[in-house]
Amino acid sequence: MNGSISRRSVLAAGLAGPAALLLGTGQATAASLVAHSEINSQPTYYEVNGAASSFEYEPGFYSRLETWHVNWRKWTPYHWTAPHKIYSYGAYVDKPGLHGEGRAFDLARLLITNRDTGATFTAFTARYDQWRNLTGDALRTARIRYWGTVASLHYHFRHVLSYLDNSDHHNHVHVDNAISGSDNSSFATSSTTQTYFVQAACQYIWGYSTGIDGIWGPQTQRDSSAALVRAGSDGAITTQSRWLAFCQASAQQAWALVP
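All values reported here derive from a predicted model rather than from experimental measurement.

Before going further, it helps to examine the environment of Leu244. Checked against the element boundaries, Leu244 lands in helix α7 (residues 240-257). Residue class for Leu244 comes out buried when judged on its relative accessible area of 12%. For the pair Leu244 and Ser185, spaced 59 residues apart in sequence, the C-alpha separation works out to 7.5 Å. Setting aside residues no more than four positions away along its own chain, Leu244 makes contact with Tyr155, Asn184 and Ser185.

This part takes up the packing of helix α5 (residues 192-205) against helix α6 (residues 218-230). Running from N to C, α5 and α6 point in directions that differ by 60°, and their axes come no closer than 10 Å. Looking at the two axes, α5 sits oblique to α6. As α5 runs across α6, the sense of the crossing is left-handed. Residues Val198, Gln199 and Cys202 of α5 touch α6, and the partners they reach there are Thr220, Asp223 and Ser224. Residue composition of the contact of α5 with α6, by class: two nonpolar, three polar and one charged.

For helix α2 (residues 59-75), which comprises 17 residues, the first-to-last C-alpha distance of 25 Å matches the rise-based estimate of 24 Å (1.5 Å per residue) to within 8%. Within α2, the full set of buried residues consists of Phe61, Tyr62, Arg64, Leu65, Trp68, His69, Asn71, Trp72 and Trp75. For α2, the side-chain oxygen to backbone nitrogen distance between the N-cap and Gly60 is 3.0 Å, and the N-cap itself is Glu58.

Looking now at the pattern of salt bridges. All told, the structure shown has six salt bridges when counted by the stated rule. Here Arg222 and Asp223 are joined by a salt bridge, their closest N and O atoms 3.2 Å apart. When salt bridges that share partners are traced, they join Glu47, Arg109, Arg127 and Asp129 into one network.

Under the defined criterion, the tally for this structure stands at 22 aromatic pairs. Site record: aromatic cluster; members linked through ring pairs are Phe124, Tyr128, Trp131, Tyr146, Trp147 and Tyr163. In this arrangement the basic side chain of Arg109 is found over the ring face of Tyr87, its NZ or CZ atom lying 4.0 Å from the centre.

Another aspect to go through is the nonpolar core. In this structure, Phe105, Phe197 and Phe246 are the most contacted members of the largest nonpolar core, which totals 58 residues. Setting aside residues no more than four positions away along its own chain, Phe105 makes contact with Ile39, Tyr57, Phe61, Leu65, Ile86, Ser88, Gly90, Ala91, His99, Val173, His174 and Val175.

The rules behind each value
Residues numbered from 1 in each chain as written. Predicted model: local features only at pLDDT ≥ 70, side-chain atom pairs only at ≥ 80, totals over all residues. Heavy atoms only, no water. Helix = DSSP H or I, 4+ residues; strand = E, 2+ residues; numbered from the N terminus. Buried < 20%, exposed > 50% of the residue type's maximum accessible area, 1.4 Å probe, protein only. Contact = heavy atoms within 4.5 Å. Axes fitted to C-alpha atoms, helices over the stretch in contact; angles between N-to-C directions. Parallel < 35°, antiparallel > 145°, perpendicular 65-115°, else oblique. Left-handed = near helix turned anticlockwise from the far one by under 90°. Nonpolar A, V, L, I, M, F, W, Y, C, P; charged D, E, K, R; others polar. Expected span 1.5 Å × (residues − 1). Polar contact = N/O pair within 3.5 Å; in protein donor to acceptor, adjacent residues only side chain to side chain. Salt bridge = Lys/Arg side-chain N within 4 Å of Asp/Glu carboxyl O. Phe/Tyr/Trp six-rings, centres within 6.5 Å; stacked < 30°, edge-to-face > 60°. Lys NZ or Arg CZ within 6 Å of the ring centre and 35° of its normal. Core = buried A, V, L, I, M, F, W, Y, C linked by side-chain atoms within 4.5 Å.

What follows is the structure in structure tokens.
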């Protein structure tokens, strides 16, 4: 299915499925949505069939996606360059929730060009349903790059749902700006989703034996604070600035481990 993915065809395909969070106030009107076939000038593709595709977004949310992508490129290794291919299960879906407002995006994969060789490679895949069966270095690389990109998303969006949240997200990462709006994210120890991310980052990126259970406790506090110190910050993740420092440092540390 080449070209623009219409609202009707997206609905029929069940593009976002259960990924949509029922946090929105209602469905978007056609006039409030803008179709884009790229993010930050890098083309978007429909993960289901690989076709180059347009998706519809609420303009403010689309701006946040572009801001995320600018920083993602800035924080990744120097030899990761354009052109990119951004694969997604979609943005707007004609249903209640943030997808129904064009304020959510389901990211599946990021393919990128190696500046030194000109070859294209997978810089990120959210297809946990596929890479969880890998072993050895292949599994380590996929998992570290996964959490590095998730770290960059957490910097910009308050809601970032990963494979740890539920099986609905075993093939994509869901992001929306229901709470963060046009700002960067903030942190709450009561958030299971954010705690999952901190624990996974501490274990898979920073090398600590942090348990991953979505519950904030003394071990998570200690290990995340130690990671902040290694990143040149201090103290616990109790302020937005330290939270953002942890997200950025985790992303950069991930790509230093598997450049």
